[in-house]
Amino acid sequence: MRIICDPSPLFRPEDSHRQERLKHKEEFRNYDENVQSENVRRTYTEMHGQQTVAFGKQMREKWCSFSHGRMTVLDIISLLDDLVDESDPDIDLPNSIHAFQTAERIREAHPDKPWFHLVGLIHDIGKVMALWGEPQWCVVGDTFPVGCKFSRACVFPETFSANPDFVNSEYSSKLGIYKENCGLDSVMMSWGHDEYLYQCLKNHGTTIPDEGLYMIRFHSFYPWHSGNDYDFLCSDHDRDMLPWVREFNKFDLYSKSDSVPDTAALAPYYQGLIDKYISAGPVNW
C-alpha cells in the first residue's frame with residue numbers, strides 16, 4: 001500500500017514547529033515512538049513473511065527487463081512527491097524532499113566529490129516501483145540476504161517466522177545456498193528499491209564509481225553496515241567498500257529533518273551531474 005500525501009501544510013511558514021527543527025540523532029530509527037509506527041510494523045511484517053528466494057527471482061525477472069517506462073531522472077524524482085515511505089520511522093515528508101536534503105548535506109561535507117552528491121539525490125528513486133503498482137513491502141525498508149538464515153540484526157526479526165524459507169532446510173542454515181566469503185555480488189538480497197536502481201544504472205552504463213554504486217545497492221542493508229552481521233558472506237572488496245556505505249548512511253539517516261530545501265533552485269546543478277554520470281536524456285526503467 002502506498003500513502004498519497006499532501007505535503008503542503010509542512011511547507012507553510014506559519015507552521016513554526018516545522019521551521020529548522022532538527023531531531024537528535026538518538027531519535028532516528030526509533031520503531032516504537034515515531035511518526036507512523038503502525039505503518040512501519042505492518043510493512044515489515046508483510047516484507048519478512050513474503051521475501052523469499054522464489055519471490056526474489058520473480059521480481060528480478062519482472063523489473064530487470066527495464067520495460068516499465070522511459071523517463072529522465074528528475075522526472076522520476078518529481079513522481080516521488082506522491083510517496084511517503086511506510087517503512088521509515090523518521091520521516092513523513094515525500095521522498096523527493098529527502099533526496100535533496102541528503103544530496104545537499106553530502107555536498108556540504110564533501111564538496112570535491114560530485115558523484116557523491118548525485119548518489120545522495122538519486123539513492124531512493126527506485127521507490128518509484130511503489131507508484132507503479134508494487135506494494136511497499138517489496139520496495140522500501142531494510143534489506144537482507146535471502147537463501148540463508150535470517151539475522152537477529154534485522155528489525156522485527158520475530159516476523160521472519162512466517163516466511164516459508166524460514167523452515168526450508170536449504171535456506172535456513174547460516175550459509176544456506178552460499179559459500180563463505182563469496183562476496184555480496186553473489187548474494188541475492190531481498191528485493192527493493194536499492195537493487196532496482198542499481199540494476200537500472202548498470203543497464204544504462206553509468207559512470208558512477210564503485211564506491212557510489214555500493215552506496216546505492218546496499219544503503220538499506222542495515223544488518224550489515226549498522227548491525228555488523230553477514231561478514232561471513234563478504235569479500236575483501238565488500239569490506240573495502242563498507243566505510244563508504246557507512247559514510248553515506250550518516251547523510252541518509254540524519255538528513256531526515258524538517259528543513260525543506262529549495263528544489264527548484266538546486267535542480268540545474270544536479271541536472272549537470274545527471275548528464276555527466278548517467279544520461280542527458282531518458283533512462284529505461
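Keep in mind it's a predicted model, so treat the numbers as computed, not measured.

What counts and what doesn't
Residues numbered from 1 in each chain as written. Predicted model: local features only at pLDDT ≥ 70, side-chain atom pairs only at ≥ 80, totals over all residues. Heavy atoms only, no water. Helix = DSSP H or I, 4+ residues; strand = E, 2+ residues; numbered from the N terminus. Expected span 1.5 Å × (residues − 1). Buried < 20%, exposed > 50% of the residue type's maximum accessible area, 1.4 Å probe, protein only. Polar contact = N/O pair within 3.5 Å; in protein donor to acceptor, adjacent residues only side chain to side chain. pLDDT = per-residue confidence, 0-100. Contact = heavy atoms within 4.5 Å. Salt bridge = Lys/Arg side-chain N within 4 Å of Asp/Glu carboxyl O. Axes fitted to C-alpha atoms, helices over the stretch in contact; angles between N-to-C directions. Parallel < 35°, antiparallel > 145°, perpendicular 65-115°, else oblique. Left-handed = near helix turned anticlockwise from the far one by under 90°. Nonpolar A, V, L, I, M, F, W, Y, C, P; charged D, E, K, R; others polar.

## Comments concerning helix α5 (residues 95-109)
Thinking step 1. Taking 1.5 Å as the rise per residue, α5 with 15 residues should run 21 Å; its terminal C-alpha atoms sit 21 Å apart, in good agreement.
Thinking step 2. Every buried residue belonging to α5 is among N95, S96, I97, H98, A99, F100, Q101, T102, A103 and I106, and all of these are buried.

## Comments concerning the side chain of N249
Thinking step 1. In this fold, N249 is placed in helix α10 (residues 236-254).
Thinking step 2. A polar contact is formed between the side chain of N249 and the side chain of Y222, at a distance of 3.0 Å.

## Considerations on the confidence of the model for the chain
Thinking step 1. On average, residues of the chain score 86 in pLDDT, and 82% of them are at 70 or above.
Thinking step 2. Contacts for the low-pLDDT stretch residues 1-29, under 50 throughout, to residues beyond four places or in other chains number 52 contacts.

## Side note on the pattern of salt bridges
Thinking step 1. Within this structure, the stated rule accounts for 10 salt bridges.
Thinking step 2. D236 is paired through a salt bridge with R239; the nearest N and O atoms lie 3.0 Å apart. With D236 and R239 both in helix α10 and three residues apart, this pair spans about one turn of that helix.
Thinking step 3. When its relative accessible area of 56% is taken as the criterion, D236 is described as exposed.

## Topic: the packing of α5 against helix α6 (residues 114-122)
Thinking step 1. Running from N to C, α5 and α6 cross one another at 160°; their axes reach a closest spacing of 7 Å. The angle between α5 and α6 falls in the class roughly antiparallel. Seen from above, α5 lies across α6 with right-handed handedness. In this structure, α5 contributes A99, F100, T102, A103, I106 and R107 to the contact, and α6 contributes F116, H117, G120 and L121.
Thinking step 2. Split into classes, the residues belonging to the contact of α5 with α6 amount to six nonpolar, three polar and one charged.

## Observations concerning unusual backbone geometry
Thinking step 1. Despite not being glycine, F156 has its phi angle at roughly 50°, a positive value.
Thinking step 2. Here F156 shows up in the loop between α6 and α7 (193-204).
Thinking step 3. Residue classification places F156 among the buried positions, given a relative accessible area of 7%.
Thinking step 4. Positive phi, close to 70°, is recorded for Y230, a residue that is not glycine.
Thinking step 5. For Y230, the position within the fold is in the loop between α9 (222-225) and α10.
Thinking step 6. Residue classification places Y230 among the buried residues on the basis of a relative accessible area of 1%.

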